[in-house]
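Geometric and topological summary
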2 protein chains.
Amino acid sequence: MAENGIPAAQRGRKHLLVREYVRSLIVDAEPGSPAPSERDLVEQFGVARMTVRHALDGLVAQGLLERIPGRGTFVTKPLIDMQMRLSSFSEEMERRGKVPESKTLLARRETAGPGLARALETEVGSPIVHWERLRLADSQPIAIQHVYLSLDTFPRFLDDALPSSLYYLFADRDLMPTWGEDSVVAAVATEEEAESLELEPGAPVLHISRRSFCREVAVEVTRSIYRADRYTLWVPVLRPEHLR
Amino acid sequence: MAENGIPAAQRGRKHLLVREYVRSLIVDAEPGSPAPSERDLVEQFGVARMTVRHALDGLVAQGLLERIPGRGTFVTKPLIDMQMRLSSFSEEMERRGKVPESKTLLARRETAGPGLARALETEVGSPIVHWERLRLADSQPIAIQHVYLSLDTFPRFLDDALPSSLYYLFADRDLMPTWGEDSVVAAVATEEEAESLELEPGAPVLHISRRSFCREVAVEVTRSIYRADRYTLWVPVLRPEHLR
DNA sequence: ACCCTAGCGAGGTCTAGCCCAGTTGGAAGG
DNA sequence: CCTTCCAACTGGGCTAGACCTCGCTAGGGT
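Residues numbered from 1 in each chain as written. Chains lettered and ligands numbered in written order. Predicted model: local features only at pLDDT ≥ 70, side-chain atom pairs only at ≥ 80, totals over all residues. Heavy atoms only, no water.

With that settled, consider the overall build of chain A. Each helix and strand counted, chain A has seven helices and nine strands in total. The buried share of chain A, reckoned over its 244 residues, is 49%. Look at the contacts in chain A between residues 6 or more apart in sequence, and 59% of them connect residues 24 or more apart. Total accessible area computed for chain A in this model is approximately 12,100 Å², and 51% of it derives from carbon and sulfur atoms. (Helix = DSSP H or I, 4+ residues; strand = E, 2+ residues; numbered from the N terminus. Buried < 20%, exposed > 50% of the residue type's maximum accessible area, 1.4 Å probe, protein only. Contact = heavy atoms within 4.5 Å. Areas by Shrake-Rupley, 256 points an atom, 1.4 Å probe, with all protein chains shown as cover.)

Next comes the structure, spelled out in structure tokens:
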């Protein structure tokens, strides 16, 4: 079972290479412009067409691409514009004109359970950093944020001083996330969460789980619990072309 | 190659046969119960495994099935994982393979307060339609939806029969929304909401407020209250080039 | 009684083709 | 000049295998 030096995320996953290549093409392409044809990608990457189709399937499912039989594959209008972008808590708060602050509640080594291993694309039992912080804006508690990183990706994380911003760390290691996916759900605060957030237990909170990727590599998983009375998520949306 | 027993109308769509067969199996299966294995389906239907996988991909994307490597494919809990985009409740539910339904709780003329007036870009005291519906998927209550329209924009709304879909009405009047903005916040169900949604009062709910625009015109304001246990939001995010 | 391992079956990925149905643009013919 | 038609694309669907890793379990050895 010894890793032979090749990162687990890279072994036998050609479709991710293709997908991230195409994603990089369409991030700042104009809506409606054509993506490379499937057969062109087959030639470029020297893979089977099924592999290319699988790669594009993911982008179509995310609403970034649209297939039109007989014509080609085209860049859709982006679903997300300015506000709902991949940015850090600090960036978000600064944009809202507030002073961000954070207090570390916990920073320790753990081992990956099945869920985390899958999300971070590592193996069950592999070493993980769990960093829990209370996040404040203008000295008022806003959220509890759990960050999970693979220690294989950030080996010296717990040896060095904790970074002031996670995103500086990503930039240093050339792993700045380029895209991600958020899951949003409502919940009520547990007793522990209520205490940290200065809420009554049972008060509503917003759970936002995020997986961030740099190219095709899963970089971080965060689970944030926001006070519903101090945080509203704002998402601009566009109507997908094919529904008009 | 020319296996026949099936009408020519459906030729070349074997994956749909497999998909609908599996869907029929899992409609009233308990969450967590296993679906047939891919290789079993290959034998049952006499198709290639890629075809079976394609069939199951659709059900996985709709959130009906969950794949677990090494174990099998299983029926998920009925949680609706909805992608944030400007589309109607019905469209989203159909995309998820569920049967949408709605019950009108209220439909009357009101006058705009300051908040609504600003949101709909009319004047305070101007006539407004307030339409409240209970929204269901596969006969299970999912959300309460309050729709507010300006009676200046839709003068005959309350005189005609209520439309089966609001978006048909928009299409008729050439006011199909092209973009919008959503505000998302967590809350707990009021007694009244809990009753309609078949929840305990105090259970977590997701409030989604939407303003939809057709070009520069504010067309509708909706305020929806979703059951948190049956509804999550999925938001893909991209990091803009200039922040990298 | 314990642990370890081999094997089996699950899904994950990939190949190198095949034919089909739409779309399109240019060449041939009126 | 215009129309018609076809060839060269596009994606959609499908085949019949291959090899990989993961999760579980039944046996076997200690």
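Surveying the vicinity of DNA strand D reveals 28 residues, the closest of which are R67 of chain A together with K14, H15, A48 and T51 of chain B. Between R67 of chain A and DNA strand D, the recorded distance is 3.1 Å, taken from a side-chain N or O atom to a phosphate oxygen. A distance of 2.7 Å is found between a phosphate oxygen of DNA strand D and a backbone nitrogen or oxygen belonging to A48 of chain B. At the level of secondary structure, the elements contributing two or more residues to the surface near DNA strand D comprise α2 (38-45), α3 (49-61), β1 (65-68) and β2 (72-75) of chain A together with α1 (14-26) and α3 (49-61) of chain B. Considering each element in turn, the surface near DNA strand D owes the most residues, four residues, to α3 of chain B. Of the residues contributing to the surface near DNA strand D, the split by class is seven nonpolar, nine polar and 12 charged. (Near = heavy atom within 4 Å. Polar contact = N/O pair within 3.5 Å; in protein donor to acceptor, adjacent residues only side chain to side chain. Nonpolar A, V, L, I, M, F, W, Y, C, P; charged D, E, K, R; others polar.)

The next subject is the protein's contact with DNA strand C. As a matter of local geometry, DNA strand C sits amid 28 residues, with K14, H15 and A48 of chain A together with R39 and R67 of chain B nearest to it. Among the atoms of DNA strand C lying within 4 Å of the protein, the sugar-phosphate backbone contributes 67%. With respect to DNA strand C, the backbone of A48 of chain A contributes an N or O atom lying 2.7 Å from a phosphate oxygen. The contact in question runs from a base nitrogen of DNA strand C to an N or O atom on the backbone of G70 of chain B, over 3.3 Å. If you list the elements that add at least two residues to the surface near DNA strand C, you get α1 (14-26) and α3 of chain A together with α2 (38-45), α3, β1 (65-68) and β2 (72-75) of chain B. Looking at side-chain class alone, the surface near DNA strand C contains seven nonpolar, 10 polar and 11 charged residues.

Looking at the secondary structure, you find A61 of chain B in helix α3. Linking A61 of chain B and R95 of chain B, residues 34 residues apart in sequence, is a C-alpha distance of 9.5 Å.

All names here are of chain A. With a phi angle near 55°, E121 is a residue other than glycine that sits in the positive phi range. Here E121 shows up in the loop between α5 (114-120) and β4 (127-137). Here the phi dihedral of D138 falls at roughly 50°; this positive angle occurs in a residue that is not glycine. Take D138: it is sitting in the loop between β4 and β5 (140-150). Taking the relative accessible area as the measure of exposure, D138 reaches 40% and is therefore partly exposed.

Moving on: the packing of α2 of chain A against α3 of chain A. Residue and element names in this part refer to chain A. Two elements in contact, α2 and α3, have axes separated by 9 Å at closest approach and are oriented at 115°. For the element pair α2 / α3, the angle class is roughly perpendicular. Taken as a pair, α2 and α3 cross one another with a handedness that is right-handed. Taking contact as the criterion, the partners of E38, R39, L41 and V42 in α2 are, on α3, R49, V52, R53 and L56. Tallied by class, residues from the contact of α2 with α3 come to four nonpolar, no polar and four charged. (Axes fitted to C-alpha atoms, helices over the stretch in contact; angles between N-to-C directions. Parallel < 35°, antiparallel > 145°, perpendicular 65-115°, else oblique. Left-handed = near helix turned anticlockwise from the far one by under 90°.)

Okay, the side chain of R230 of chain B next. Within the secondary structure layout, R230 of chain B lies in the loop between β9 (217-227) and β10 (231-238). Within the structure, the side chain of R230 of chain B is placed 2.9 Å from the backbone oxygen of P141 of chain B, a separation counted as a polar contact.

On to the pattern of salt bridges, then. Residue and element names in this part refer to chain A. Scanning the model with the defined rule gives 23 salt bridges over all chains in all. Residue D160 pairs with R156 through a salt bridge whose shortest N-O separation is 2.8 Å. Where salt bridges share partners, they join E38, R49, R53, D57 and R67 into one cluster. (Salt bridge = Lys/Arg side-chain N within 4 Å of Asp/Glu carboxyl O.)

Looking at chain A as a whole, its pLDDT mean stands at 84, while 89% of the residues score no less than 70. Confidence over residues 79-83 of chain A falls short of pLDDT 50; this stretch has 20 contacts with residues more than four positions distant or in other chains. (pLDDT = per-residue confidence, 0-100.)

A few words now on the packing of α1 of chain A against α2 of chain A. Residue and element names in this part refer to chain A. Packing of α1 against α2 brings their axes to within 11 Å, and their N-to-C directions diverge by 120°. Taken together, the axis directions place α1 and α2 in an arrangement best described as oblique. Between α1 and α2 lies a crossing of right-handed hand. On α2, the residues that touch L17, V18, Y21 and V22 of α1 are L41, Q44 and F45. Of the residues contributing to the contact of α1 with α2, the split by class is six nonpolar, one polar and no charged.

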